[in-house]
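The lines below spell out each chain.
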Amino acid sequence: MPIYDAFNNLLHIQTNIKADSGEALRQLALCGTGIVCLSDFTQQDIKAGRLVQLFTTTTLKMRV
C-alpha cells in the first residue's frame with residue numbers, strides 16, 4: 001500500500017515484516033521491531049512512554 005506525506009510525496013519504505021492487524025503492528029512496535037503507522041488508539045502507549053510518535057506534525061495519507 002503506498003504511503004504519501006502531507007505534501008503528496010510518495011514515501012519509499014522497505015519492510016521485512018508485514019501485518020494488516022493494528023494490534024499486531026502495535027505489539028511489534030512495543031517489542032522494538034521498528035516503525036509502524038498506527039491510528040490514534042495508541043495514545044495510551046504514547047502517554048505512558050511505551051511508544052514515541054515520530055511524525056507529530058504530519059498526517060500520512062494511505063491510498064489503496
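Note that this is a predicted model, so its numbers are computed, not measured.

Asker: Whenever I open this one, the pattern of salt bridges confuses me. Can you help?
Answerer: Side chains carrying opposite charge are able to pair once their charged atoms draw close together. Within this structure, the stated rule accounts for three salt bridges. The residue D45 makes a salt bridge to R50 at a minimum N-O spacing of 2.7 Å. Here D45 falls in the buried class, since its relative accessible area comes to 2%. Here R50 falls in the partly exposed class, since its relative accessible area comes to 48%.

Asker: I'm lost on the environment of Q53 in this one. Help?
Answerer: Take Q53: it is sitting in the loop between α2 (43–47) and β3 (61–62). Separated by 16 residues in sequence, Q53 and C37 place their C-alpha atoms 9.7 Å apart.

Asker: Is there a simple way to think about the environment of V36 in this case?
Answerer: Take V36: it is sitting in the loop between α1 (22–30) and α2. Owing to a relative accessible area of 27%, V36 belongs among the partly exposed residues under this scheme. Each C-alpha atom, one on V36 and one on K18, is 10.0 Å from the other, the two residues being 18 residues apart in sequence. Contact partners of V36, with chain neighbours within four places excluded, come to L25 and A29.

Cut-off values and rules
Residues numbered from 1 in each chain as written. Predicted model: local features only at pLDDT ≥ 70, side-chain atom pairs only at ≥ 80, totals over all residues. Heavy atoms only, no water. Salt bridge = Lys/Arg side-chain N within 4 Å of Asp/Glu carboxyl O. Buried < 20%, exposed > 50% of the residue type's maximum accessible area, 1.4 Å probe, protein only. Helix = DSSP H or I, 4+ residues; strand = E, 2+ residues; numbered from the N terminus. Contact = heavy atoms within 4.5 Å.

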